[in-house]
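Per-entry structural report
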Amino acid sequence: MAVRVPPVMRRIRSATRGRPRLPARLSSRRVRLFAFLGLLGPGLIAANAGNDAGGIATYSSVGAKYGYTLLWTMVLITISLAIVQRLAARMGVVTGKGLAELVREEYGIRWSVFATSAVLIANVGICISDFVGIGAAVGLTGVPVQVSVPIAAVGIWLIIVRGSYRSAERVFIWFTIPFFAYPVAAILAHPRWHSVGRAIAVPHLHTSSTFIVLLIALAGTTITPYMQLYLQSAVVERGVREEDLPREEREAVAGAVFANLVASFIIIATGATLFTHGIHDISSAADAARALDPFAGHYAEALFGVGLLGASLLAAAILPIATAYVVSESLGYEKGVGRRHEEAPVFVNIITAMIMLSAFVAMIPGVPVISLLVGVQVVNGLLLPINLFFIWRLARSQRLMGERRSRGVLDGAAAVTVAVTSTLSLGLVVITLSGI
Amino acid sequence: MSSVNAPATQAPPILHLSAVVGSPLRDADGERLGKVEDLIVRLGGVGYPPITGFLVNVAGRTSYLGVERVSDIGGDGVVLRKAKLDLRRFERRPEEVLLRRDLLDRQLINVEGARLVRANEIELALVAGSWRVVGVDTGPRGGLRRLLPKGLGAHIATGEFLDWAGVEPFVGHVPTVRLRVPHPKLAKLHPAQIADLVEAASRREGEEIIQAVGDDDRELEADVFEELDDHHQQEFLEDRSDARVAQILSRMAPDDAADIVGELEEDRREPVLALLPVSQRVKVRALLGYDPAQAGGLMSPEYVALDGSTSAGDALDAVRRSEIAPELLTTVFVTSSDGSLEGSVAVTALVRADQDERLQSLVKHETPCLSPDADFEEVARQMADYNLTSIPVADEHRMVGVVTVDDVLEAMLPRGWRRRFGLLGED
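Here's a quick rundown of the structure. Within each chain, residues carry numbers counting from 1 in the order of the written sequence. As a convention, the first chain written is A and the first ligand written is 1, with the rest following in written order. pLDDT decides what is reported in this predicted model: residues at 70 or higher carry local features, side-chain atom pairs at 80 or more are listed and counted, and totals for whole chains, interfaces and linings draw on all residues regardless. Think of the side-chain values as coming from all heavy atoms in the structure, minus any hydrogens and water.

**Some thoughts on the overall build of chain A**
Put simply, the rule reads: Helical segments are the DSSP runs of H or I of at least four residues, strand segments are the runs of E of at least two, and each set is numbered from the N terminus. Each radius of gyration is computed over the set of C-alpha atoms, and the globule rule expresses the reference value as 2.2 Å times the number of residues to the power 0.38. Relative accessibility thresholds used throughout: buried, under 20% of the residue-type maximum; exposed, over 50%; partly exposed, between the two (1.4 Å probe, protein chains only). Note on definitions: a residue-residue contact is assigned when non-hydrogen atoms from the two residues lie within 4.5 Å. For the area figures, the Shrake-Rupley method with a 1.4 Å probe applies, and any residue is considered shielded solely by the protein chains shown. Note on charges: Lys and Arg go in the positive column, Asp and Glu in the negative column, and His and the chain ends are not counted at all. A charge is said to be at NZ when it belongs to Lys, at CZ for Arg, at CG for Asp and at CD for Glu.
Within chain A one finds 18 helices and 1 strand. Relative to the compact-globule value of 22 Å for 436 residues, chain A shows a C-alpha radius of gyration of 25 Å, a close match. Principal-axis analysis of the C-alpha atoms gives chain A an extent of 115 × 50 × 45 Å. Put simply, chain A has 436 residues, and 58% of those count as buried. Here the analysis covers contacts within chain A between residues at least 6 apart in sequence; of these, 85% occur between residues at least 24 apart. Surface accessibility of chain A: about 17400 Å² in total, with carbon and sulfur atoms responsible for 69%. Chain A carries 36 positive and 23 negative side-chain charges, and their two centres are separated by 14 Å.

**Brief notes about the sheet that holds strand β14 (residues 167-169) of chain B**
All names here are of chain B. The following threshold applies: Following DSSP output, two strands are said to pair if at least two bridges run between them. For helices, the axis comes from a line fit to the C-alpha atoms of the stretch in contact; other axes are also lines fit to C-alpha atoms, and the angle between any two N-to-C directions lies between 0 and 180 degrees.
Pairing is antiparallel across the open sheet formed by 3 strands, whose spatial order is β10-β9-β14. The strands lining the two open edges of the sheet, one partner per strand, are β10 (115-118) and β14. The mean inter-strand angle of the sheet, taken between neighbouring strand axes irrespective of direction, is 35°. Strand direction decides the pairing type here: strand β9 (residues 107-110) and β10, joined by 4 bridges, are antiparallel. Counted as the bridge partner of Asn-110 is Arg-115 from β10.

**Concerning the pattern of salt bridges**
Operational definition: Whenever a carboxyl oxygen of Asp or Glu lies within 4 Å of a side-chain nitrogen of Lys or Arg, that contact is scored as a salt bridge.
Taken as a whole, this structure holds 34 salt bridges over all chains when the rule is applied. The salt bridge involving Arg-90 of chain A is made with Glu-249 of chain A; its shortest N-O contact spans 2.6 Å. Linking Arg-90 of chain A in helix α5 (residues 71-95) with Glu-249 of chain A in helix α13 (residues 245-275), this pair joins segments that are 159 residues apart in sequence. Neither Arg-90 of chain A nor Glu-249 of chain A differs from the other in exposure class; each is buried. In this structure, Arg-321 of chain B and Asp-317 of chain B form a salt bridge, with 3.7 Å as the shortest nitrogen-oxygen distance.

**Some details on the sheet that holds strand β13 (residues 162-163) of chain B**
All names here are of chain B. With antiparallel pairing, the 4 strands of this open sheet are ordered in space as β1-β11-β12-β13. The open sheet has two edge strands, β1 (15-16) and β13, and neither has a second partner. Taken together, the 2 bridges between strand β12 (residues 130-137) and β13 define a ladder with antiparallel strand orientation. Paired with Val-136 across the bridge in β13 is Leu-162. Set on the sheet, helix α3 (residues 140-147) makes contact with β1, β11 (121-127) and β12; between it and β11 the angle comes to about 100°.

**A look at helix α5 (residues 191-200) of chain B**
Residues of α5 of chain B that are buried include every one of Pro-191, Ile-194, Ala-195, Leu-197, Val-198 and Glu-199 of chain B, and no others. Those residues of α5 of chain B that are buried lie in contact with β9, β10, α6 (203-216), α7 (218-227) and α8 (230-238) of chain B.

**As for the nonpolar core**
To keep it simple, the criterion reads: What we call a nonpolar core is a set of buried Ala, Val, Leu, Ile, Met, Phe, Trp, Tyr and Cys residues that are connected through their side-chain atoms within 4.5 Å.
Of all hydrophobic cores here, the largest spans 135 residues; its most connected members are Phe-131, Ile-156, Ile-160, Phe-172, Tyr-226 and Tyr-230 of chain A. Residue contributions to this core peak at 22 residues, all from helix α14 (residues 285-331) of chain A. Setting aside anything within four residues of it in sequence, one finds Phe-172 of chain A in contact with Ile-45, Ile-159, Ile-160, Tyr-230, Leu-314, Ala-317, Ile-318 and Ile-321 of chain A. With 52 residues, the next largest nonpolar core counts Leu-186, Leu-189, Leu-220 and Val-408 of chain B among its residues.

**With respect to a positive patch on the surface**
The line we're drawing: To count toward a patch, a residue needs a relative accessible area over 30% and no salt bridge; like charges are then connected within 9 Å, while nonpolar side chains (Val, Leu, Ile, Met, Phe, Trp, Tyr) are connected within 5 Å.
A contiguous patch of positive charge on the surface is contributed by Arg-110 of chain A together with Arg-32, Lys-35, Arg-100 and Lys-150 of chain B. Mapped onto the fold, Arg-100 of chain B is located in helix α2 (residues 99-103).

**Here's the deal with the pairing of strand β7 (residues 77-80) of chain B**
Across a regular strand the side chains alternate sides, sitting on one face of the sheet and then on the other. Residues and elements named next belong to chain B. As defined by bridge partners, strand β2 (residues 24-26) adjoins β7 across 2 bridges and the pair is classed as parallel. In the sheet register, Arg-26 faces β7, and the bridge partner there is Val-79. Between strand β6 (residues 70-74) and β7, which pair antiparallel and follow one another directly, the connecting turn spans 2 residues.

**A few points about the pairing of β11 of chain B**
Residues and elements named next belong to chain B. Buried residues dominate β11, accounting for 6 of its 7 residues. Here β11 pairs with β12 via 7 bridges, running antiparallel. Bridge assignment links Ile-122 to a residue of β12, and that residue is Val-136. The hairpin formed by β11 and β12 contains 2 residues between the paired strands, and Ala-128 there has a positive phi angle of roughly 50°.

**Quick look at a nonpolar patch on the surface**
All names here are of chain A. A surface patch of nonpolar side chains, about 330 Å² in accessible area, is lined by Val-75, Leu-76, Ile-79 and Ile-200. Looking at the nonpolar patch element by element, the count peaks at 3 residues for α5. Here Ile-200 is to be found in helix α10 (residues 193-201).

**Structural notes on helix α10 (residues 254-263) of chain B**
One turn of the α-helix equals 3.6 residues, which is why residues spaced by three or four share an orientation. Extensive coverage of α10 of chain B is indicated by the burial of 7 of its 10 residues. Residues Pro-254, Asp-255, Ala-257, Ala-258, Ile-260, Val-261 and Gly-262 of chain B constitute the buried set of α10 of chain B.

**What to know about unusual backbone geometry**
The phi angle at His-190 of chain A is positive, at roughly 50°, despite the residue not being glycine. Of note in this structure, Ala-59 of chain B is not a glycine but carries a positive phi near 50°. Residue position: Ala-59 of chain B is located in the loop between β4 (51-58) and β5 (61-66). According to the relative accessible area criterion, Ala-59 of chain B is exposed, its value standing at 76%.

**Observations regarding a negative patch on the surface**
All names here are of chain B. On the surface, Glu-227, Asp-230, Glu-327, Asp-406 and Glu-410 cluster together into a negatively charged patch. Following the sequence through the fold, Glu-410 ends up in helix α18 (residues 405-412). Looking at Glu-410, the relative accessible area reads 52%, which means it is exposed.

**A look at the packing of α7 of chain B against helix α9 (residues 242-250) of chain B**
Residues and elements named next belong to chain B. Short version of the rule: An angle below 35 degrees is read as roughly parallel, one above 145 as roughly antiparallel, one from 65 to 115 as roughly perpendicular, and any other as oblique. Only Asp, Glu, Lys and Arg are considered charged, only Ala, Val, Leu, Ile, Met, Phe, Trp, Tyr, Cys and Pro nonpolar, and every remaining residue, Gly among them, polar.
Interhelical geometry of α7 versus α9 gives an angle of 85° and a closest axis separation of 8 Å. The angle between α7 and α9 places the two elements in the roughly perpendicular class. Side by side, α7 and α9 meet where Arg-218, Glu-221, Ala-222 and Phe-225 of the first sit next to Arg-244, Gln-247 and Ile-248 of the second. Of the residues contributing to the contact of α7 with α9, the split by class is 3 nonpolar, 1 polar and 3 charged.

**Some words on the side chain of Ser-330 of chain A**
With respect to the helices and strands, Ser-330 of chain A occurs in helix α14. Residue Ser-330 of chain A is classed as buried on the basis of its relative accessible area of 0%. Beyond its immediate stretch of four places on either side in the chain, Ser-330 of chain A contacts Ala-100, Arg-104, Ser-112 and Thr-116 of chain A together with Arg-118 of chain B.

**Overview of the packing of α5 of chain A against α10 of chain A**
Residues and elements named next belong to chain A. Let me state the cut-off plainly: Rotating anticlockwise by less than a right angle from the far helix to the near helix defines a left-handed crossing, while the corresponding clockwise rotation defines a right-handed one.
The geometry of α5 relative to α10 is characterised by a closest axis approach of 6 Å and an angle of 50° between their N-to-C directions. Classed by the angle they form, the pair α5 and α10 counts as oblique. With respect to the hand of their crossing, α5 and α10 are arranged in right-handed fashion. From α5, Leu-71, Trp-72 and Val-75 reach across to α10, where they touch Val-196, Ala-199 and Ile-200. Looking at side-chain class alone, the contact of α5 with α10 contains 6 nonpolar, no polar and no charged residues.

**Re the packing of aromatic side chains**
The condition that has to hold: Ring pairs are drawn from Phe, Tyr and Trp, using the six-membered ring of Trp, whenever the two centres fall within 6.5 Å, and their geometry is named by plane angle: stacked under 30 degrees, edge-to-face over 60, tilted for the rest. Whether a charge lies above a ring is judged from NZ of Lys or CZ of Arg, which has to be within 6 Å of the ring centre and within 35 degrees of the ring normal.
This model, assessed by the stated rule, comprises 13 aromatic pairs over all chains. Note on Tyr-325 of chain A and Phe-347 of chain A: the rings are 5.6 Å apart at their centroids and 55° apart in plane angle, and the pair reads as tilted. Here the residue Tyr-325 of chain A occupies a position in helix α14, and Phe-347 of chain A occupies one in helix α15 (residues 345-363), the gap between them amounting to 22 residues. One exposure class covers both Tyr-325 of chain A and Phe-347 of chain A, and it is buried. Relative to Phe-333 of chain B, the ring of Tyr-303 of chain B has its centre 6.1 Å away and its plane inclined at 85°; by these criteria the two rings are edge-to-face. With a gap of 30 residues between them, Tyr-303 of chain B in the loop between α13 (295-298) and β15 (304-306) and Phe-333 of chain B in strand β16 (residues 331-335) connect regions that are remote in the sequence. A relative accessible area of 1% means that Phe-333 of chain B is categorised as buried. Members of the aromatic cluster, connected to one another through ring pairs, are Tyr-107, Trp-111, Phe-114, Phe-389, Phe-390 and Trp-392 of chain A. When the ring centre of Trp-392 of chain A is taken as origin, the NZ or CZ atom of Arg-393 of chain A, which lies over that ring, is 5.9 Å away.

Below you can see the structure in the form of structure tokens.
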């Protein structure tokens, strides 16, 4: 072996003289964009899903029947909704778990399955009414339900199952844009603004039973269990960090306020037209749209229809998600918007089944939407007190929430909200069942 | 203790936790004294965890009953050994958890399947002379049994359940005693699987997993951090001191460490960098100078570069002795004394070549090379065109790093595909 082995230079080189362009890697553009989009999120989506077909029907009925008289209650309802939504967001951030998950862990399997079943029944009912709403809104242009509903169903399914959580959330935020149609429709209806102002500031009560039923229905449709369930699970899925809690809470409150402003504009729009012209009875949101036409013109009808479409699409997408979250959480299955079937079979199957069932029922000609909604309201009325009680109890638990537990004024306000809302919704159950 | 680990199939009949909780406490004569509220179990040992006592409710008061005072446990109650009832106040000893309150209905790690499951039922059996937890039912049977009224539920047969050897409970929520139960079974998982678990778990549970992993294997902890998505990396790093962050970063590949430093809050970057070991600090700092969306940001500064006069045998020896990650060792680069890149030789070519042959004669083609500001597409195109698994990056001929195929794949994966690694992966 005469070959001389040269010394091996084992050099693990480092790029010490690389150009020091520190700022490039640390580009903050992405961060800022993220922060901006972050302002719009689950809080807005959850609360606004409440302005769905059933909600719009209720608000229109309130406006047609009593004009602006019930507007003052919207202030109280907004405060209640904001408190409840804020607690749900806070629990999601702090515990990193959905409401159904926490109920299962803290109160056991029976409560959790009972609540889950109620959610399932109520949400399927609401989901059907929202597909009916989609059909009715598109129907204003003459397109038959058998065309519009399947297209909407497939579209919603694709958004939820094929996209990611982020992409789905962005689409849902787009769905809320048609809500701006209602303020415009209200302005076109030329309300007398000073009467509106007085109705907001001065509480006014009738003693008739219809008045009380509508009052309770108003509260019941604005504060619905799935809103809190969706919000908390979505906050968890979003992975909001604890230092972002204040922003998330602000968003939850802002979402509640925006949703109820929209609802109030619906009352104002119908109050200024239908009520003033003596049309006191409407049976659906689409009726309300059609009824606006002679008084506020074609634009008002079209705007009302656009708002109804956006709202129904949003709710028809949120309800299957909220339901799938609840079932997966309480039974311990994998979950996540945008998960493929093989990753989270139960979650995806629930969403698929719910969309198919609701769309199918909504296409049946002459489906009794009103009696369906009444049934749903009963189940929701039973569920809401349980739901709110859990939220209140869990949010003040030292063990779960530590320093972030609700205390003092917030806890007191939450307790009052839970008590009043529960009384109202149980009242609605009694009234509905006794057929007043 | 080998018999403790005997498979569940050979174990005596299975007793369900839900059948015992709520059942009566009886004295030796069968007289009913009270009610069983919970079972206490000691974790942390080897094998199936033994039951150490009970919480019983006698005359409206909850007290502790040691397992040594009990002669039998069954569906129709817990029977005392002596006639005399001796109750004490329950004080949690270290490593003790309550089965119903702390484990039932909560999440566990199914280590075999590397996923999170929920305990619908906890299964007990008499193993090696004492009552122990032998498994967890995560299926519908366990849940249904507890849902139905007791009489009906008892008819539901024991389904398949996960053997305790294959699950790890979360204990972070257990009050008073901050358990430091090690999770030895987790170490069997791939760091990417552990990262998936952390991402699927809630923040606290994720923290528990990472801490358990980090307590007995710092190396594994760093690997898990590399696999976490940006969002979770930041979340867990925020809670750690600068020193701890530096400790983790020092064990990571420099390009991954640089990515993490780039994501840290502005005012923490310098202190953390200052705490890194010199060699790692130099590499990370250099990488921070590049745009993460370009070849410079993708590359690793670690590679084997040798003089053209080196023989194949010596080159292989250099690869053998190198401590850098295997994916960076598929190619040996040939550089001149001033550091300019002259070519590359695949390790397979070195293996096949005559061991005395010089590297410069093994360099066949002109080696493709990227500038640090080449974008993703350019990197991917070059690697695809030349069938490369790694490609050198040179700044004006001077070699500064290597981009490997795994980095490119990660950057080029379509949005939806990356979702598996975390829901926020696409952002």
